[in-house]
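Structural characterization, general
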Amino acid sequence: MEAVNNCKVYVDVGVEFNADGWMRPRWVRWTDGHVYKIDRVVDCVRAASRKAGGVGYRYTVVIGGQESQLYYEENYKWFVEAKQPH
């Protein structure tokens, strides 16, 4: 796990592939080592992060009742947008 800039936080993601080749993220390991189970994938669209850039897919996921965005880049890395300090 590594941070490339102040907007991207790269994370480990457990992924399940179906017979058609579609991938579905199942869990996210945060930078502190804590693993969060993804309860549901709401949507997956080809999109870039508005804050951090990058090209790939944006997964809208539900983790612990909270909707979050998880990004899969064409460089085979997963990231989330970092929270900006208030």
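Report follows, based on the coordinates. Just so it is clear, the structure is predicted and the values come from calculations on it, not from any experiment.

By the bridge criterion, 4 bridges tie strand 1 (residues 8–17) to strand 7 (residues 78–81) in an arrangement that is antiparallel. Considered in strand 7, the bridge of Lys-8 is made with Glu-81. Between strand 6 (residues 66–73) and strand 7, which pair antiparallel one after the other, the connecting turn spans 4 residues, and Tyr-76 there sits at a positive phi close to 70 degrees.

Strand pairs in the sheet, formed through backbone hydrogen bonds, run parallel or antiparallel to each other. Read from one edge to the other, the open sheet built from 7 strands follows the order 3-2-1-7-6-5-4, with strand pairing classed as antiparallel. Single-partner strands in this sheet number two, and they are strand 3 (35–37) and strand 4 (40–46). Pairwise comparison of adjacent strand axes, ignoring direction, gives a mean angle of 40 degrees for this sheet. Strand direction decides the pairing type here: strand 6 and strand 7, joined by 2 bridges, are antiparallel. Bridging across to strand 7, Tyr-72 finds its partner in Trp-78.

What counts and what doesn't
Residues numbered from 1 in each chain as written. Predicted model: local features only at pLDDT ≥ 70, side-chain atom pairs only at ≥ 80, totals over all residues. Heavy atoms only, no water. Pairing = 2+ DSSP bridges. Helix = DSSP H or I, 4+ residues; strand = E, 2+ residues; numbered from the N terminus. Axes fitted to C-alpha atoms, helices over the stretch in contact; angles between N-to-C directions.

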